[in-house]
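# Examination of the molecular architecture
Residue strings, one per chain:
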Amino acid sequence: MLLRGNIYAPVPSSLRLNFKSQTHPRNLTISCQASLDYPLSISDETLEKRGFILRRTAEGLNLEALNKIFVAVGFPRRDPEKIRVALEHTDSLVWIQERKSQNNAVAFARATGDGVFNAIIWDVVVDPSFQGLGLGKAVVERLMRDLVGRGITNISLYSEPRVLGFYRPLGFVADPDGIRGMVYSTKNKRKK
Ligand SMILES: CC(C)(COP(=O)(O)OP(=O)(O)OC[C@H]1O[C@@H](n2cnc3c(N)ncnc32)[C@H](O)[C@@H]1OP(=O)(O)O)[C@@H](O)C(=O)NCCC(=O)NCCS
């Protein structure tokens, strides 16, 4: 992924998850040229009034429950131990807990990166029973605010074509200046 006017550092393979929807050839790479601040469409307080608690660390995150959401939205089920390692190598994460079901995430997003120039957003998911309530937007906006606040100017992600319309209003642009993402996936190699 080469993004406009900045240094590109490939993500080490040790940080990549075997995440089918992220490496599928149909996916498009899109990036956001971030400004200094990033707006939130809904406050933490309003979310809380609606029964949702925001979490910004992995503490208390039930990985089995998260895995269930991955599976429910069509992502492959992953080894919880590998998820734990991936989270250890994650720079920024946001998840939302429903007050009623204390330990379970109902929305989740995370980002890895070099901490200075670039970040990549992964695993944006909302439990199907909670989709359409603004929770997906809430987690991505907070991830963005955190990354932008750290001065990271290039923020990328992989998007299924059907989800491009979700990311565009959040400031993401597909194939900026015609630049296309390329992926080497050992998973795809094995399929051939
Ligand atoms: C994509 C996903 C994260 C969206 O989360 P969500 O909580 O349902 O979305 P929100 O309620 O926050 O929607 C925010 C806005 O995006 C719009 N939107 C949501 N999904 C959309 C889509 N697939 N295409 C276009 N717009 C979409 C909503 O209409 C809403 O618009 P508004 O702000 O004008 O009202 C969720 O549907 C999901 O988990 N999907 C399965 C996993 C997935 O595809 N993840 C992305 C990996 S590429």
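All residue numbers here refer to positions counted from 1 along the written sequence of the relevant chain. This being a predicted model, a pLDDT of at least 70 is required before a residue's local features are given, and a value of 80 or more before pairs of side-chain atoms are given or counted; all residues contribute to the totals for chains, interfaces and linings.

Labelled according to an unreviewed UniProt entry, the protein appears under the name Acyl-CoA N-acyltransferase domain protein, originating from Medicago truncatula. UniProt positions are given in the numbering used here, feature names are shortened, and annotations may be inferred rather than shown by experiment. Reading the Sequence similarities (unreviewed entry) entry of the UniProt record for the protein gives the comment "Belongs to the acetyltransferase family."

### Side note on the pairing of strand β4 (residues 105-113)
Buried residues dominate β4, accounting for nine of its nine residues. A pair of strands counts as paired when DSSP detects no fewer than two bridges linking them. Helix numbers and strand numbers start at the N terminus; a helix is a DSSP run of H or I with at least 4 residues, a strand a run of E with at least 2. Bridge count between strand β3 (residues 92-98) and β4: six bridges; the pairing is antiparallel. Each residue of the ladder has a partner; that of I96, found in β4, is A107. Here β4 runs beside strand β5 (residues 118-126); their pairing, made up of six bridges, is antiparallel. Its bridge partner being in β5, A111 is matched across the sheet by I121. Any residue whose C-beta has 12 or fewer other C-beta atoms within 10 Å is treated as exposed, any with 20 or more as buried, and any in between as partly exposed, C-beta atoms being built from the backbone.

### Here's the deal with the nonpolar core
Among buried residues, those of type Ala, Val, Leu, Ile, Met, Phe, Trp, Tyr and Cys that are joined through C-beta atoms within 7 Å form a set called a nonpolar core. Ranked by internal contacts, the top residues of the largest apolar core, which has 37 residues, are I96, A107, F108, A109, I121, V139 and L143. Counting only elements with at least two residues in this core, the list comes to β1 (28-33), α3 (63-72), β3, β4, β5, α5 (135-149) and β6 (154-159). In this structure, A109 is in contact with L93, V94, I121, D123, V124, V139, V140 and L143, ignoring residues within four places of it in sequence. Any residue pair is listed as a contact if its two C-beta atoms, each placed from the backbone, are within 7 Å.

### Observations regarding the site of the ligand
Every one of the 18 residues lining the ligand counts as a neighbour, but V73, Q131, G136, K137 and G165 are closest to it. Elements that contribute at least two residues to the shell around the ligand include exactly β5, α5 and α6 (164-167). Throughout, the ten residues Ala, Val, Leu, Ile, Met, Phe, Trp, Tyr, Cys and Pro are labelled nonpolar, Asp, Glu, Lys and Arg are labelled charged, and all others, Gly among them, are labelled polar. Taken together, the residues of the shell around the ligand break down into eight nonpolar, seven polar and three charged. Should the C-beta atom of a residue, placed from the backbone, lie within 6 Å of a molecule or strand, that residue is near it.

### Quick word on the pairing of β6
Within β6, six of the six residues are buried, leaving the element largely enclosed by the surrounding structure. The side-chain alternation of β6 yields two buried faces, one formed by N154, S156 and Y158 and the other by I155, L157 and S159. Where β5 meets β6, four bridges bridge the pair, whose relative direction is parallel. The partner of N118 across the bridge, within β6, is N154. Think of it like this: strands point away, you trace from the first strand over the helix to the second, and a clockwise trace means the crossover is right-handed. For the crossover that starts at β5, traverses α5 and ends in the parallel β6, the hand is right-handed.

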